Every structure is written in structure tokens, then in C-alpha cells.
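# Architecture and fold: a report
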2 protein chains.
Amino acid sequence: MTEIAQAERRGGRPRSEDADRAIIEATLDLLARSGIAGTTIEGIAAQAGVGKTTIYRRWKGLESLICDAVAELKGPLPTLPGTSIRDDLLVLVEAAARGRESARNRKVYACFIGEMTRYPALDAQYRESVIAPRRALTRAALERAVERGELRDDLDLEVVAEIVTAPTLHWMLHNPERNPTRELLEQFLDGVLNGVARG
Amino acid sequence: MTEIAQAERRGGRPRSEDADRAIIEATLDLLARSGIAGTTIEGIAAQAGVGKTTIYRRWKGLESLICDAVAELKGPLPTLPGTSIRDDLLVLVEAAARGRESARNRKVYACFIGEMTRYPALDAQYRESVIAPRRALTRAALERAVERGELRDDLDLEVVAEIVTAPTLHWMLHNPERNPTRELLEQFLDGVLNGVARG
């Protein structure tokens, strides 16, 4: 459960981890099966075996719940080792690939990216609560690497951030049925760090 | 109109470019507004102002029509200059960014990528008719570059293909409201060709 969701919890009722879990799982099931368009509070309540009031007691609305469910897949922000930019980036892309253990979860990610453009409020909330903290972490790692002299200092760091993460993220989008191996993630990273042109 | 759609045309009726155009545009409008889930032959016919039979006379079904409409956005396969791998790749990523001139078209691409995982037949057809020829073109350009000694020869070319195209494709997915500038595409390419680590 993210901090946002915790802040949104209402009232003094005893917390029910079981109900929360069932609601989150039902949300992910529906997203995978029917996309955002087919995911409703009614559907989630029915699938989770709880009343709609139980959901509204815990989440402000459908957008918060969907955002939270997808954030749960990703897990907490990773801790970077700080030993080298390669080590840091490997932890970051492995974290990006986390939560894709099941076919259901991979479908959730794929549908989410595509459909979000039609749900501006959800899109904004997801960017703020999930994407922004991860981008900030990547950016901080790159800045430290420039200071340590590990990265070229003539590059726009927004461009570098895109270059180092995009192969993993794009590959996952187009291979929803598979998980990237650690070896593949390392090949992507070494390719972009060292360049693919003959030096 | 792609070759596939031409092959799927039926009967000896006079070809009506106007009706074809209206049907394609209606399909793209509906995809942008309602996603694949909300795009039906009925809806397309109503929006295009044609009868359903007019659509079925020209396309085998909804999947062929959707595939064709998105393929039309992309336009024909580009011709590569062959002067250098950088020149070839720049033409390839510019072609990948083509068809995104309007907000509507950018929404179509975004929804398409995300929702396809739930439509396996459409997914397969799109991969075969749109993605595969472009990947083959990229692959051939990379192979020529290895032969010419422009690229490192110790890399898996599938990995290289992902590295050189992913920044552009991933950036577009996350920036549906903007088009990449040529300068940005060049920064991506130079970054991955030369590497972002200090040499």
C-alpha cells in the first residue's frame, strides 16, 4: 500500500488487510481481463466479494484504487548500491521489470500504458505517484555518475535517462508473454553505456 | 492501402477511394476515442456514413480494418540511404515517428500498443504485416553496418536493434501529446552509437 493510499484511508474502522488484498487483486484481475475501460468499482466489489462501501472506505475512488494496484505490482522504490553507474542502473531496470512474474501482471502493465492516454486524471496521478519518484531516482544516479566522471558530461541527462531505461521498458511492452533475463538487461545496459558503434 | 487490404478486397465493384478513406478515418477516430474495445464495424459504418456491407466488401473483418488503418498512419516502408548506419537509423526512427502529426493519431498508437495484448489475432496480424517488415529492414541495415565495420561485431544484433530504436519508441509512448524533434532523435542515436559512458 502506497503512502497516498494510506493518506486516503478514511474513518476509524479496524484495518482489514484481507479485504485490502482481495480488492487490489480483483482490480488487477479486471485490468488484465478488460482493461481500464472495463474496470469498475461495481466489478471490483463483486470479484473481491466485498461491498462497494468497503472500497470507498479505503480509496477515494476508482482512479486512486487503480493507481495503487499498479503501484503495488512495482513494489517499493529500490535502494541503489551507489558502487557504479552500471550497478545502479542494473538495480533500476531490474526494479522496472519487477511485478511481471505472472501473465496477468504483464497484461496489466501493457493495458495501462496504452489506455492511460484516455484517462487524464489517472494518467496524472500515476505519473506523479509512480513514475516521477522513479525518474528522480534515475536522474540522481546519473548526476552522481557525471560527478564521478563515469558518464560523458556533454549529454542532456534527460536524454541519457531515456537511453538507459528505454530498451528494457520497450522490450517488456513488446514481449508481454516473457520476462527479461538478467543477462538481457546487462546486454542492454552495456550496449548503451559503451555504445554499439565501433570505437 | 496496404497490399494485404488490396488482396482482401472482394468482388468487382468499382473501387471507391472516398468510401475507403472515410472508413479508414472513422476507424482511426473511434480507436482514438474509445480504444480497440470500443471500436466496432457498426460504429465505424455509422461514423463513416456507409453501410456495413460496404465495409465487408472491402475488408475481411474488424481486425484487418484496424490493422490497415494503423498501417496507413505509418505509411510505406522507408528507403534507406545506405550511406552510413547513422543515416540509415535516422531514416528508420523518423519513419517510426511518422503519422503522429495529430493528437488523434498519437492516441491511436498509444491505445494500440496497450490493448493489443488482449486481442491475440489482431496482435499477430499487426506484428506480421507492420512490425516484421520494419524489423527486417532495421536488421538488414545493422548487418550491412557490421560488414562495413561501423558497428561492434561482438553484439547480438537483436539487442542492438532494440537499443537503437527503443529510446524513440518509448519516448513517443510516454509523450503522446508531443512529437519528437529531429534533434532529439539525433541525440538518442548518437547516444547509443557512441555510448553514454566516458570512453
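Within each chain, residues carry numbers counting from 1 in the order of the written sequence. Chain letters start at A and ligand numbers start at 1, both assigned in the order the entries are written. Given that the model is predicted, a residue must reach a pLDDT of at least 70 before its local features are reported, and side-chain atom pairs must reach 80 or more before they are shown or counted; all residues, however, enter totals for whole chains, interfaces and linings. By convention in this description, side-chain values take in all heavy atoms of the structure and omit both hydrogens and water.

Our focus in this paragraph is the UniProt feature "DNA-binding region" (unreviewed entry) in chain A. UniProt positions are given in the numbering used here, feature names are shortened, and annotations may be inferred rather than shown by experiment. On the UniProt side, "DNA-binding region" (unreviewed entry) is annotated at positions that read residues 40-59 of chain A here. Here residues 40-59 of chain A is 75% helix and 0% strand, with 13 Å between the C-alpha atoms at its ends. Strands here are runs of E lasting at least two residues and helices are runs of H or I lasting at least four, both read from the DSSP assignment and numbered beginning at the N terminus.

Attention now goes to the packing of helix H5 (residues 62-74) of chain B against helix H8 (residues 120-147) of chain B. Residue and element names in this part refer to chain B. All axes here are fitted lines through C-alpha atoms, helices being fitted over the stretch that makes contact, and every angle between N-to-C directions spans 0 to 180 degrees. For the pair H5 and H8, the least separation of the axes is 9 Å and the interaxial angle reads 30 degrees. By the angle class used here, H5 and H8 are roughly parallel. Classified by chirality, the crossing of H8 by H5 is right-handed. Within the contact between the two elements, H5 uses Glu63, Ser64, Ile66, Cys67, Val70, Ala71 and Lys74 and H8 uses Ala121, Leu122, Gln125, Tyr126, Ser129, Val130 and Arg134. In this count, Pro and Cys sit with the nonpolar residues alongside Ala, Val, Leu, Ile, Met, Phe, Trp and Tyr, while Asp, Glu, Lys and Arg are called charged and the others, Gly among them, polar. When grouped by side-chain class, the residues that make up the contact of H5 with H8 number 8 nonpolar, 3 polar and 3 charged. Angles below 35 degrees are treated as roughly parallel, those above 145 as roughly antiparallel, those between 65 and 115 as roughly perpendicular, and all remaining angles as oblique. Note: crossing handedness is left-handed where the near helix turns anticlockwise from the far helix by less than a right angle, and right-handed where it turns clockwise. We call two residues in contact whenever any of their non-hydrogen atoms come within 4.5 Å of each other.

Residues and elements named next belong to chain A. By domain assignment, chain A separates into domain 1 (3-71) and domain 2 (77-194). Taking the mean C-alpha position of each, domain 1 and domain 2 sit 26 Å from one another. Tallying the contact residues gives 16 residues for domain 1 and 15 residues for domain 2. A simple way to read buried area is as the amount of 1.4 Å-probe accessible surface that goes missing from two parts once joined, with both sides added. Both sides together, the interface formed by domain 1 and domain 2 hides about 1,400 Å², and carbon and sulfur atoms give 71% of it. Throughout this description, a polar contact denotes any pair of N or O atoms lying within 3.5 Å of each other; where both atoms belong to protein, one of them has to be capable of donating a hydrogen while the other can accept it, and for residues adjacent in sequence the pair is counted only when both atoms sit in side chains. Summed over the shared surface of domain 1 and domain 2, the result is 3 residue pairs in polar contact (both at pLDDT 80 or more). For the side of domain 1 that touches domain 2, the secondary structure elements donating two or more residues are helix H1 (3-8), helix H2 (17-34) and helix H5 (62-74). It is H5 that contributes the most residues to the side of domain 1 that touches domain 2, 6 residues altogether. What counts as a domain boundary in this text is fixed by an automatic or database domain assignment.

This part is about the relation of the copies chain B and chain A. Note on the identical chains: chain B maps onto chain A by a rotation of 180 degrees and an axial translation of 0.0 Å, with an RMSD of 0.0 Å. Taken together, the rotation and translation describe the operation of a two-fold axis. Looking at the interface residues of chain B, 100% of them are also at the interface in chain A, so both copies use one shared face. Copies are brought into register by a least-squares superposition over C-alpha atoms of residues with pLDDT of at least 70 in both.

Here we come to helix H8 (residues 120-147) of chain A. Residue and element names in this part refer to chain A. Along its length, H8 reaches its greatest deviation from straightness, about 45 degrees, at Ile131, and the proline Pro133 lies no more than four positions downstream. The cut-offs for exposure are 20% and 50% of the maximum accessible area for each residue type, with area from a 1.4 Å probe on protein chains only; residues under the lower value are buried, those over the upper are exposed, and the others partly exposed. Among the residues of H8, those classed as buried are Leu122, Asp123, Gln125, Tyr126, Val130, Ile131, Thr138, Ala141, Leu142 and Ala145. Gly149 sits one or two positions beyond H8 and adopts a positive phi of about 80 degrees. Axes are fitted to the seven residues ending at a residue and to the seven starting at it; the angle between these axes is taken as the bend at that residue.

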